[in-house]
Amino acid sequence: TSVEKRVAPEVMSENKVETVAVEAIKEPEVEDPILDLDAEDIDDPLMVAEYVHEIFDYLKELEVATMPNPVYMKHQEDLEWKMRGILVDWLIEVHTRFHLLPETLFLAVNILDRFLSAKVVQLDRLQLVGVTAMFIASKYEEVLSPHVQNFRHVADDGFTEAEILSAERYVLSALNYDLSYPNPMNFLRRISKADNYDIETRTLGKYLMEISLLDHRFMGYLPSEIAASSMYLARKILDKGPWDATIAHYAGYSEEQIEPIFILMVDYLARPVTHEAFFKKYASKKFMKGKSTPL
């Protein structure tokens, strides 16, 4: 026993040395692998997996070309950002009433902002520009778009059908008939693929993404950035796990790159409700009462 007592401290000392040595030569941690989620779709012609990277590279180029001027209100003598927010909130109400696709709403607001970037508009014609933008977007995105009579009626007959049709030609001419806007819904669905198409996250992501339509502070950011920020914040709110390498790859952005945008979203959410139609829309069961989701 006396021998064991004398030997034990020496053995323990040797073990410590060995442990330190092992830790010193331990391999550095390997980064999370990026999973190829398109491989499973290679036999599905609808998913065009062999072209998907080229398609999204092209959309990334288009989103820069179709950005509105984020400070266009400087040359609008009769308008203010608050008026634009009220108009977009009304367009959300019209969009909901007509049961239109999400893509239609985002395209309509892009048409509105690009037109206001190019042309000076009087206050009494602002609603006409808004309803015309929705009319054009529905023709572009919908299988069956509402008739011009419906748009006249929803504007409380404030404009004739002839005025809306004339405004349609004028708006399209001002935009050089270019409606090739890369819709943020496309980017949201791409990211959702890496999120295993989680319906709860995507629904909350849509809610957060629509904030960018109402708040002009988002106008200087790209649709792909807004989509990535929306999904990041939705996953954070719902505690769906980290923004891992695969999700970051399919989103196209790291957490650090989109941080300013999701901070803006949190800032909007923390303020009192100012856009009633938007608030009511996402308070419904259809959207899982997204507006009541706790931060």
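Above: the structure in question.
Participant: Help me out: how do you make sense of the pattern of salt bridges in this one?
Facilitator: A side chain of one charge can pair with a side chain of the opposite charge when the charged atoms of the two come close. Throughout the structure, instances matching the rule amount to 14 salt bridges. Linking Glu161 and Arg152 is a salt bridge whose minimum nitrogen-to-oxygen distance equals 2.9 Å. Judged by relative accessible area, which is 22%, Glu161 ranks as partly exposed. When its relative accessible area of 28% is taken as the criterion, Arg152 is described as partly exposed. Salt-bridge contacts for Arg235 lead to Asp195; the nearest nitrogen and oxygen are separated by 2.3 Å. Linking Arg235 in helix α10 (residues 223-237) with Asp195 in the loop between α8 (184-194) and α9 (199-214), this pair joins segments that are 40 residues apart in sequence. For the pair Arg235 and Asp195, a shared accessibility class is recorded, and that class is buried. A network of salt bridges, in which partner residues are shared, links Asp215, Arg217, Asp267 and Arg271.

Participant: How should the packing of α10 against helix α12 (residues 255-270) be read in this particular structure?
Facilitator: The description of two helices packed together rests on the angle between their axes and the distance between the axes. Their axes nearest at 9 Å, the elements α10 and α12 cross at an angle of 75°. Relative to α12, the element α10 lies roughly perpendicular. Judged by residue contacts, Glu225, Ile226, Ala228, Ser229, Ser230, Tyr232 and Leu233 of α10 engage Glu255, Ile258, Ile261, Phe262, Met265 and Val266 from α12. Considering only residue class, the contact of α10 with α12 consists of nine nonpolar, two polar and two charged.

Participant: How should I be thinking about the side chain of Ser138 in this particular structure?
Facilitator: Relative to the helices and strands, Ser138 resides in helix α5 (residues 126-141). The exposure class assigned to Ser138 is buried, which follows from its relative accessible area of 0%. What Ser138 contacts, discounting residues up to four positions off in sequence, is Leu100, Thr104, Ser145, Pro146 and Phe151.

Participant: How should I be thinking about helix α4 (residues 102-118) in this particular structure?
Facilitator: Every α-helical turn comprises 3.6 residues, leaving residues that sit three or four positions apart pointing alike. Taking 1.5 Å of rise per residue, 17 residues should cover 24 Å, and α4 covers 25 Å from first to last C-alpha, within 8% of that figure. Burial within α4 is extensive, with 14 of its 17 residues counted as buried.

Participant: Just checking my understanding: could you explain the environment of Lys193 for this structure?
Facilitator: Within the secondary structure, Lys193 is located in helix α8. The spacing of Lys193 and Leu37 is 156 residues in sequence and 7.6 Å in space, taken between C-alpha atoms.

Participant: Would you take a moment to explain unusual backbone geometry for this structure?
Facilitator: Trans peptide bonds make up most of the peptide bonds, and negative phi angles are found at most residues other than glycine. A positive phi angle, near 55°, is found at Asn176, a position not held by glycine. On the secondary structure map, Asn176 appears in the loop between α7 (161-174) and α8. The exposure class of Asn176 is exposed, given its relative accessible area of 64%.

Participant: What's the story with the packing of aromatic side chains in this structure? I'm lost.
Facilitator: Throughout the structure, instances matching the rule amount to eleven aromatic pairs. Ring geometry for Tyr72 against Trp81: centres 5.0 Å apart, planes inclined by 55°, an arrangement best described as tilted. Residue class for Tyr72 comes out buried when judged on its relative accessible area of 0%. Residues Tyr207 and Tyr282 carry aromatic rings whose centres are separated by 5.0 Å and whose planes lie at 50° to one another, so their mutual orientation is tilted. Here Tyr207, found in helix α9, pairs with Tyr282, found in the segment after α13 (276-281); they are 75 residues apart in sequence, far enough to count as distant. Accessibility classification places Tyr207 together with Tyr282 in one group, the buried group.

Participant: I'm lost on the nonpolar core in this one. Help?
Facilitator: Within soluble globular proteins, side chains that are nonpolar tend to cluster in buried spots. With 85 residues, the main nonpolar core has Ile111, Leu208 and Trp243 as its most contacted residues. In this view, Ile111 contacts Ala133, Ile136, Ala137, Val171, Leu175 and Leu179; residues no more than four positions away in its chain are not counted.

Participant: How do you make sense of the packing of α4 against α8 when you look at a structure like this?
Facilitator: Across the interface, α4 lies against α8 with an axial gap of 9 Å and an inter-helix angle of 135°. Between α4 and α8, the angle is such that the two are oblique. Residue-level contacts link Pro102, Glu103 and Phe106 of α4 to Pro184, Met185 and Arg189 of α8. Considered class by class, the residues forming the contact of α4 with α8 number four nonpolar, no polar and two charged.

Participant: Where do I start with α9 in this structure?
Facilitator: In this model α9 runs 23 Å from its N-terminal to its C-terminal C-alpha over 16 residues, within 8% of the 22 Å that 1.5 Å per residue would give. A side-chain oxygen of the first residue of α9 lies 3.4 Å from the backbone nitrogen of Glu200; this N-cap is Asp198.

Definitions and limits used
Residue numbers restart at each chain and count upward from 1, following the sequence in its written direction. Only residues with pLDDT of 70 or above have their local features reported here, since the model is predicted, and side-chain atom pairs are shown and tallied only from 80 upward, although totals for entire chains, interfaces and linings are computed over all residues. Side-chain figures throughout are based on the complete set of non-hydrogen atoms in the structure, without hydrogens or water. Note on definitions: salt bridges are taken to be side-chain nitrogens of Lys or Arg within 4 Å of carboxyl oxygens of Asp or Glu. Burial classes follow relative accessibility: with a 1.4 Å probe on protein chains only, a residue under 20% of its type's maximum area counts as buried, one over 50% as exposed, and anything between as partly exposed. Starting at the N terminus, helices and strands are each numbered in turn, a helix being any DSSP run of H or I of at least four residues and a strand any DSSP run of E of at least two. Every angle, taken between N-to-C directions, lies between 0 and 180 degrees, and every axis is a line fitted to C-alpha atoms, over only the stretch in contact when it is a helix. An angle counts as roughly parallel when it lies under 35 degrees, as roughly antiparallel when it exceeds 145, as roughly perpendicular when it falls between 65 and 115, and as oblique in every other case. Contact criterion: two residues are considered in contact whenever any of their non-hydrogen atoms come within 4.5 Å of each other. Ten residues, namely Ala, Val, Leu, Ile, Met, Phe, Trp, Tyr, Cys and Pro, are considered nonpolar, four, namely Asp, Glu, Lys and Arg, are considered charged, and the remaining ones, Gly among them, are considered polar. By this rule, a helix spans an expected 1.5 Å times one less than how many residues it contains. Any two of the Phe, Tyr and Trp rings considered here, Trp counted by its six-membered ring, make a pair once their centres fall within 6.5 Å; the pair's planes then place it as stacked at under 30 degrees, edge-to-face at over 60, or tilted in between. In plain words, nonpolar cores are sets of buried Ala, Val, Leu, Ile, Met, Phe, Trp, Tyr and Cys residues tied together by side-chain atoms within 4.5 Å. Think of a polar contact as two N or O atoms within 3.5 Å of one another; within protein, one of them needs to be a possible hydrogen donor and the other a possible acceptor, and neighboring residues in sequence only count if both atoms come from side chains.

Read these as spatial facts, not as claims about activity.
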